[in-house]
Amino acid sequence: MEPVQKEAKDNPSASANLLSKIFFCWLNPLFRIGYQRKLEEDDMYKVLPEDASHRLGEELQWYWNREVQQAAKDLRPPRLAKVLVQCYWRSYARIGIYIFIEEVIKVLQPVLLGKIIEFFESYDPSNTAAVYEAYSYAAGISLTAISLSVLHHLYFYHVQRAGMKIRVAMCHMIYRKALCLNSKAFAKTTTGQIVNLLSNDVNKFDEVTLYLHFLWIGPIQAVAVILLLMYAIGPSCLAGMAVFFILMPVQTMFGHFFSRLRAETAVLTDDRICTMNEVISGIRVIKMYGWEKPFAALVDDVRRIEISKIMKSSYLRGLNMASFFVASKIIVFITICIYVLTGNQLSASRVFMAVSLYGAVRLTITLFFPFAIEKVSESLISIQRIQNLLLLEEVAPQHLGLPKAEKKDCIVKIQDLICYWDVMQEAPTLQNVSFTVRPEQLLAVIGPVGAGKSSLLSAILGELSQESGVVKVKGELTYSSQQPWILPGTIRSNILFGKELDPKKYDRVLRACALKRDMDLLPGGDLAMVGDRGANLSGGQKSRVSLARAVYQDADIYLLDDPLSAVDAEVGRHLFEECICGLLRKKPRILVTHQLQYLKAADQIVVLKQGQMVARGTYSELQGSGLDFTCLLKEEESQEEERQGVTPISGTVSRFPHTLSDNSMSSLSSLSSSRYSLIEGAEPPAVVVQSTVEESRSEGNVGLRMYVKYFRAGANFLVLSVLILLNALAHITFVLQDWWLACWASQQNHINVTEHLNGSFPRQLDLDLYLGVYAGLTATSVVFGFLRSLVFFNVLVSSAQTLHNSMFNAVLRTPVHFFDINPIGRILNRFSKDIGYLDSLLPWTFVDFIQVFLQVIGVIAVAAVVIPWILIPVVPLLAVFLFLRCYFLQTSRDIKRLESTTRSPVFSHLSSSLQGLSTIRAFKVQQWFQQMFDEYQDLHSEAWFLFLATSRWFAVRLDGICSIFVTITAFGCLYLRDGLEPGAVGLTLSYALTLTGMFQWGVRQSAEIENMMTSVERVVEYAELESEAPWETDKQPPNDWPKAGSITFDRVNFSYSAGDRLVLKNLTAVVASREKDPVLFTGTMRKNLDPFRLHTDEDLWNALQEVQMKAVVEDLPNKLETVLTESGSNISVGQRQLVCLARAILRKNRILIIDEATANVDPRTDGLIQQTIRDKFQECTVLTIAHRLNTIIDCDRILVLDAGRIQEYDEPYVLLQNQEGLFYQMVQQTGRAEAASLLHTAKQVYMNKKRVADVCRAKDICVIFETSL
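Here's what I pulled together on the structure shown here. Everything numeric in this text was worked out from a predicted model, so none of it was measured. (Residues numbered from 1 in each chain as written. Predicted model: local features only at pLDDT ≥ 70, side-chain atom pairs only at ≥ 80, totals over all residues. Heavy atoms only, no water.)

**Some thoughts on the overall build of the protein chain**
- Summing up its helical and strand segments, the protein chain has 40 helices and 20 strands in all.
- Here the protein chain, with 1269 residues, has 60% of them falling under the buried criterion.
- Counting every atom, the protein chain has about 49800 Å² of accessible surface; 59% of that belongs to carbon and sulfur. (Helix = DSSP H or I, 4+ residues; strand = E, 2+ residues; numbered from the N terminus. Buried < 20%, exposed > 50% of the residue type's maximum accessible area, 1.4 Å probe, protein only. Areas by Shrake-Rupley, 256 points an atom, 1.4 Å probe, with all protein chains shown as cover.)

Set out below in structure tokens:
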């Protein structure tokens, strides 16, 4: 909500010179800052104009719109993949030039190597020309090494940026689409799914761009290498290449299996995140019902299946990596065998030239090419998923505002309207509705729960598409929803909602909406931060902020969906008089309400029942018509008879459950403007605002302790030691195999040279011995290579499973306060992104790093054995490397953490936008929200761009170190040429050349591991959250406990969390707890009533019958098996509350707290519910929180709270005798007739009660009534 972007610095890469661009020197100032202190968001550079979200998104959107039109002409479905190609092929093709030159150089290197070794084989100290020639080859090798390191990183930097652009453009389009989806579309997709597209699927574009070029580079390079090999060792090279080409389809097959598993896993992950989303959203209900265990089992089941799929795909990955690791060994082995067995003699120059050529092509053919195929197939799945979203139906374009001159002609006209939410249902949601509303008119819409009142407003807003009939709207609409939607941000930004601040008007709106005093009391006033979904405001406050937002918009036509139900009578009257009939009196207004006392003020009343309009007219016309309307009105007129009608016979009076005030006891009392402040100078209530805390970012290194925790989560010490042993053995056999080859070649060379000198008979080497040992070493390196990969993956995936479980259990056990101060997006991020890393990326990176690390050690060891003094230059190089790594990690770690913290708001913004979709559309602020989304994306792109560039800065420098090592080795061998074996030189040089790409890759993987270990750290942090009291204690109560539901408050002081101000002060009373916001879960009606199948169907139907919902559920297409969509949005809010009440009835608790249970239902249903509560909960202590004085007047006692302290506590009739009392004054607010009726009822109840004074006190029913004074 707040301006996203702090002032960012200009991006230096835009103005950098050529050298600076090649070596990324423009990043040096950033590294200096990062080395000295922790990097903050303000240190990041502005996004380059060509990377800005808005620009990229609009460009891609243009291509997509063109494709959609074209497809419609050609009568085919539009193809998103085609659009991506059209939009990006030019820029992407240009980057291919870098990789082409790089691969050409890679093929030239082995030829130069072969020439140097040849010089050693025919070494003649007297031939100086040959020495100079050899030096020129050495210079060639070092030059190629340097140019490789430069080109490689330029290529990767540019393709990663290309990937980023596609991802950002895609996200922009997905968000833009999400803002336009209509009700039919939401039947086919869920919030979880859209968030998953944004968090997982778009990341495929980052990956696929890396490897796409290898699809054409691979084959070209393979052909070139085959030709050179034919020249070096003749046709036996074909056997080796054959193995390559056998490996390729095998790896591609792995890739297919892998992406199939990946698709299956994605569905399960969607499922798990969706369930998690509901658990976190409904955590209060889950905790109150003690449902933690069953929900944990639910998540556990999904997770178990998900992990088994992940384990399978990890084994595939393990086999794939191991086959890559041993492929080169097998290939060289087969080539050499055939070469020797066809009667050729081994020579070092040929062997090592062949080994190097295979090495040059190995990465491309066995890794990048299959990777490209795998990533393309994965991307196509993701593109398909995104395309499905982009093709969903959209809402009709909205009515545009009127020119100023026509403001007075604004009108809403509806004629014979018929609408369906779901075409599958037989009965339409709305039918034959007709009315017209003109300026200065107030139309009240009334009707029982589920009559279609909110649907009518949706139809006017264009959210509910009409089947037939006319909806004509002239003027700008604004809307206040039944369930107020609050954006994370300040209260002021929630009210202004993108409009400029006009202090006078703002003040008027606050007063009219009774928010003035709340603002004075909140710490920080209207600039107090509100958490996700307004977690720290009371229901009444949310409702009034939502109303104030609508009023401030100053639109032409107002649609108000039950804004008066969450506030008490007095504030309700203030809102009605000052706001609805005050500030807004000149406008056409449509008010959905259950508060029948306001109907007399309405110009027109529409009565809906089961989606049909049963009556329309003024108050007096409807009274005269003798319609069912009077039945709804009975409450108002003939309370006398009503009361006597329902007052139970003496003896049960004392068991009346009844009613409390402003949403949730913890609420901040609804404080109306000062003209109602009857008690001046009273102590202001303690107001609690729990602002969301900043997401913690751990600083410094990830300690060794974290690695130990990570590994110990997956295996015990025995398994870990076996793993270490396997790794060591695999690498020793790996090096020994090459070393044996070098000895063999040198031995052969000795024989040839002595023959040449002596001219004696040719002596044959013992082929069986050399080949036998060689075969044995190859076989062991293959076996160990496979074994250690599989064991490694098993251990790390088990770790992920263990850590997920402990984090989930900890989150379930943590106190509710945690959920108030952490937005849902942040908690979900740990379960989606961080667990995603632990599941697949971290294990793979770890295995890869260990392989590379051991290989690097092997290279240095071999070089040191051949030329011991090479260790002298290695030491300073090592020192430089260690400093660089430490210097780089200081900055890189911060950038990576910034990257994760700037990612969360992108998701949070998406999910909160989806919750408030109808409000966003009614206010026509889609542009503003899209712009905010683009700003969040740009902020994330700033961090991502730095992440790409800094990792390349580091890699170029590391490869520089390797090039120096190669140069030293090449010139060193020539300088110390006396007494060096050609085989040893070949081994050393060919190993040194492999260092170039490998070393920096290994180091970057180690940095990557450190970065991903922050995910482990974040998961462990949540796994160690403070726990609330244990669910079960050692002392178990007897089975029939509690016999009576009494609760004693003894001098209770209460605040939301340790450091907050008190909300309840010194409260002493006898009261009691159960139901809150109507939270429903995705799943069938049955699952919502009885999530764990503890009751029979008959019980469920009876419970529904009790709350007047049986008929509604019987009309649903699949009755109890009907699936309720996310948060139950396919039944009305009132019906949702009734389902929650039915749930409470099924549970048969001794103590019931009903918080606002009947706020959103009509008086008739309210009366029925009250009756149900009296009958069903006779034996219980019932504590009701409500806002209708007429329904609480007949309860046993009323507890009046003000500012967290008890003001009055007695029977209603006794309270009404005290004319100074708050309760008396509130009753007077209702108007003379109503007040007289209330007094009469209270008196009657009191008299009846006197007759049955012997009724047991424990069964007392107490009511808390929190004033709004």
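**Observations regarding the packing of helix 7 (residues 191-201) against helix 8 (residues 203-211)**
- For the pair helix 7 and helix 8, the least separation of the axes is 5 Å and the interaxial angle reads 25°. Relative to helix 8, helix 7 is oriented roughly parallel. Residues Ser199, Asn200 and Asp201 of helix 7 form the contact with helix 8, whose own contacting residues are Asn203, Lys204 and Phe205.
- Of the residues belonging to the contact of helix 7 with helix 8, the class tally is one nonpolar, three polar and two charged. (Axes fitted to C-alpha atoms, helices over the stretch in contact; angles between N-to-C directions. Parallel < 35°, antiparallel > 145°, perpendicular 65-115°, else oblique. Contact = heavy atoms within 4.5 Å. Nonpolar A, V, L, I, M, F, W, Y, C, P; charged D, E, K, R; others polar.)

**Thoughts on the pattern of salt bridges**
- Inspection of every chain in the model, using the stated rule, returns 40 salt bridges.
- Between Asp820 and Arg284 there is a salt bridge, and its shortest N-O distance comes to 3.3 Å. Of the two residues, Asp820 is situated in helix 26 (residues 817-821) and Arg284 in helix 11 (residues 283-289); the sequence distance between them amounts to 536 residues.
- Salt-bridge contacts for Arg1051 lead to Asp1050; the nearest nitrogen and oxygen are separated by 3.8 Å.
- The exposure class of Arg1051 is exposed, given its relative accessible area of 58%.
- Ionic contacts of the salt-bridge type, sharing partners, join the residues Glu50, Asp51, Arg161 and Lys165 into one network. (Salt bridge = Lys/Arg side-chain N within 4 Å of Asp/Glu carboxyl O.)

**Structural notes on the packing of aromatic side chains**
- Taken as a whole and assessed by the stated rule, the structure comprises 45 aromatic pairs.
- Seen from their ring centres, Phe497 and Phe923 are 5.2 Å apart, and the 75° between their planes marks the pair as edge-to-face. Highlighted residues: Phe497 in the loop between helix 15 (491-496) and helix 16 (503-512) and Phe923 in the loop between helix 29 (917-922) and helix 30 (926-975), separated in sequence by 426 residues. Residue Phe497 shares its accessibility class with Phe923, and that shared class is buried.
- Ring-pair connections join several aromatic residues into one group, and the members of that group are Phe31, Tyr35, Phe883, Tyr887, Phe888, Trp953 and Phe954.
- Just above the ring of Trp944 sits the side chain of Arg167; from NZ or CZ to the centre is 5.1 Å.
- When the ring centre of Phe497 is taken as origin, the NZ or CZ atom of Arg549, which lies over that ring, is 4.7 Å away. (Phe/Tyr/Trp six-rings, centres within 6.5 Å; stacked < 30°, edge-to-face > 60°. Lys NZ or Arg CZ within 6 Å of the ring centre and 35° of its normal.)

**A few points about the pairing of strand 8 (residues 557-561)**
- Burial analysis of strand 8 places five of its five residues in the buried class, the great majority of the element.
- Going residue by residue along strand 8, you find Ile557, Leu559 and Asp561 tucked away on one face and Tyr558 and Leu560 tucked away on the opposite face as well.
- Pairing of strand 8 with strand 9 (residues 589-592) involves four bridges; the strand directions are parallel. Paired with Leu559 across the two strands is Ile590, which belongs to strand 9.
- Crossover strand 8 to strand 9 through helix 19 (residues 569-583) is right-handed. (Pairing = 2+ DSSP bridges. Right-handed = clockwise from strand over helix to strand, strands pointing away.)

**Overview of the packing of helix 18 (residues 539-553) against helix 19**
- Relative to each other, helix 18 and helix 19 sit at 5°, their axes nearing to 12 Å. The angle between the axes of helix 18 and helix 19 places the two elements in the roughly parallel class. Mapping the contact onto sequence places Arg544, Leu547 and Val551 in helix 18 and Val571, Leu575, Cys579 and Leu583 in helix 19.

**Structural notes on unusual backbone geometry**
- Even without glycine at this site, Lys924 takes up a positive phi of about 55°.
- Within the element layout of this structure, Lys924 appears in the loop between helix 29 and helix 30.
- In this structure, Arg1051 is a non-glycine residue whose phi angle is positive, near 45°.
- Tracing the sequence through the fold places Arg1051 in strand 12 (residues 1048-1054).

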